[in-house]
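# Structure assessment
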Amino acid sequence: MSAPARAGRVNEDFTGATPTAAVLIDGAGIPGAESTCRHGVAWYAHRLGGGLLGLLSLPRSLPAILAEAITLVTDAHRDTCDVTNPISPSAAVAIVRRSGGYVEHLVLGDSVVVLDRVDGATIVVTDPREVVIGRTYQPMLEATVPGSDEYHRILRDLRANRNRPGGFWVAKDDPRAADEAITGRCPAEELSAAVLMSNGAGRIVDRFGLTDWPGVMAALASGGPADIIDRVRRAEARYSVPPDDATIAWCTDLGDT
């Protein structure tokens, strides 16, 4: 399930699945990015997500597949857009794939993968680097008028930390970013479910503290993704937090062949 931040607004998230894999892309951009890419963030997210879905059946590692997908989408607009500009479209990526009796996972950027084990334990896979760096900019952003030139300047400075040593890593124009992804695998028979969440949906835990990750899995089992997103939207309104696109891919029957 994927919901735009507001009715009538373009959703810059993407999610899709094949019989053995699921992909979630959380597109990112800032005002002014339109001057660098005529296609936009939503186009980038959907093009990258579609490319991944077409490649995930190949017997290659998830980072290798992500690197190829980044190359394909970059080549698709390299001649028309300023793909290397720091504010050109980028995206966080989450992938799960069942292969050879295992469930593999990959996270790049601030999306989340949660794996629910049959023994009741929960494995949470995150890439904290963007969040850690973002915290150093948060006081400046909070002290600045949203939408002002200074606000956007601070955002540009934050984004300048992307895809460089000591910074954080996202899918953009450089396929080498895929080598920085957080990856792993678990025997499929040990898992009952997996969920991929964009940061707009994951804020139910890490921003609003309305539940914990095991609670997310329980809420999905009882009310589905719509319940999670509805709770996020109500919290955003209650605390006057600007809404974000919210996307959840909930995968069950992981041990089936």
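The text that follows walks through the structure, step by step, so that each part is easy to find. (Residues numbered from 1 in each chain as written. Predicted model: local features only at pLDDT ≥ 70, side-chain atom pairs only at ≥ 80, totals over all residues. Heavy atoms only, no water.)

### Here we look at the sheet that holds strand 6 (residues 112-117)
The cut-off we apply is this: Here, any two strands with at least 2 DSSP bridges between them count as paired. Helix and strand definitions follow DSSP, with helices as H or I runs of at least four residues and strands as E runs of at least two, each counted in order from the N terminus. In this description, contact between two residues means that some pair of their heavy atoms is separated by no more than 4.5 Å. Between the N-to-C directions of two axes lies an angle of 0 to 180 degrees, each axis being a line fitted to C-alpha atoms and, for a helix, fitted only over the stretch in contact.
Taken together, five strands build an open sheet; the order of strands is 1-10-9-6-7 and the sheet is antiparallel. Here the strands that pair on one side only, and so sit at the sheet edges, are strand 1 (2-3) and strand 7 (122-126). Two strands pair when backbone bridges link them, and strand 6 and strand 9 (residues 191-197) are joined in this way by six bridges, in the antiparallel orientation. When the bridges of strand 9 are listed, Val114 appears paired with Val195. Helix 5 (residues 199-206) contacts strand 9 and strand 10 (246-252) of the sheet and is inclined by roughly 85° relative to strand 10. Sheet strands touched by helix 6 (residues 213-238): strand 1, strand 6, strand 7, strand 9 and strand 10. Its angle to strand 10, the strand with the most contacts, is close to 150°.

### Details of the sheet that holds strand 2 (residues 13-18)
What the five strands build is an open sheet, ordered 2-3-4-5-8; its pairing is antiparallel. A single partner strand is all that each edge strand has here, and the edge strands are strand 2 and strand 8 (182-187). Ignoring which end each strand starts from, the neighbouring axes of this sheet average 10° apart. Pairing between strand 5 (residues 102-108) and strand 8: six bridges, direction antiparallel. Residue pairing for strand 8: Tyr102 is matched across the bridge by Pro187. Running over the sheet, helix 1 (residues 41-55) touches strand 2, strand 3 (21-28) and strand 4 (90-99) and is turned about 160° from strand 3.

### Focus on the nonpolar core
Under the convention used in this document: Note on terminology: a nonpolar core comprises buried Ala, Val, Leu, Ile, Met, Phe, Trp, Tyr and Cys residues joined through side-chain atoms within 4.5 Å. Relative accessibility under 20% of the residue-type maximum defines a buried residue, over 50% an exposed one, and the middle range a partly exposed one, all with a 1.4 Å probe and only protein chains included.
Counting 27 residues, the largest nonpolar core has Ile25, Leu48, Leu52, Leu66, Val93, Ile95 and Leu106 as the members making the most contacts within it. Breaking this core down by element, the ones donating at least two residues are strand 3, helix 1, helix 2 (62-77), strand 4 and strand 5. Sort the elements by how many residues they give to this core and helix 2 lands first, with seven residues. Those residues within four positions of Leu66 in sequence are excluded, and the remaining contacts are Leu52, Val93, Leu106, Leu108 and Ala178.

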